[in-house]
Amino acid sequence: MGDVGLSVLVVDDHRSFRREARALLEGDGFDVVGEASDGAEALAEASRHRPKVIVLDIGLPDGSGLDLVESLRALSPGVVIVLVSGRRESDFGGRVAASGADRFLEKARLVPGAIPLVLADMASS
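Analysis parameters
Residues numbered from 1 in each chain as written. Predicted model: local features only at pLDDT ≥ 70, side-chain atom pairs only at ≥ 80, totals over all residues. Heavy atoms only, no water. Buried < 20%, exposed > 50% of the residue type's maximum accessible area, 1.4 Å probe, protein only. Helix = DSSP H or I, 4+ residues; strand = E, 2+ residues; numbered from the N terminus. Pairing = 2+ DSSP bridges.

What follows is about the pairing of strand β3 (residues 53–57). Burial of β3 is extensive: five of the five residues sit out of reach of the surface. Burial of the side chains of β3 extends over both faces: Val53, Val55 and Asp57 are buried on one face and Ile54 and Leu56 on the other. Pairing analysis gives four bridges linking strand β1 (residues 7–11) to β3, with the strands arranged parallel. Considered in β3, the bridge of Val10 is made with Val55.

Our focus in this paragraph is the pairing of β1. A regular strand places its side chains so that they alternate between the two faces of the sheet. Within β1, five of the five residues are buried, which leaves the element mostly enclosed by the surrounding structure. Burial of β1 is two-sided: the residues Ser7, Leu9 and Val11 facing one way and the residues Val8 and Val10 facing the other way are all buried. In this sheet, strand β2 (residues 31–36) lies alongside β1 in parallel orientation, the contact comprising five bridges. The residue of β2 that forms the bridge with Val11 is Ala36.

Listed below in structure tokens is the structure:
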């Protein structure tokens, strides 16, 4: 799966994280087509842009990103959803796996090349 030019939606309630994620993703060759600060905005942006990848924060002001996965997939079939959090995956018990998201990434591990590695790992598995 080539990642260059893939469309991405970044969903996080912190503007500074969205800005950093956008810069990292664009540096990796992605096309960041939208940003959202909460679940409702995420659904609207996903409907409008039909991104190929969604970087989705678990902790949103209007609910959990874990609960958005199914709705986002319905709007954008085939989308790759990467959940992110400042916490570890184990902090959520089995809820990350049960959410149906493709991958989980701690925010501290969102560095240049991280999302391309996730996509390459998915393509090879």
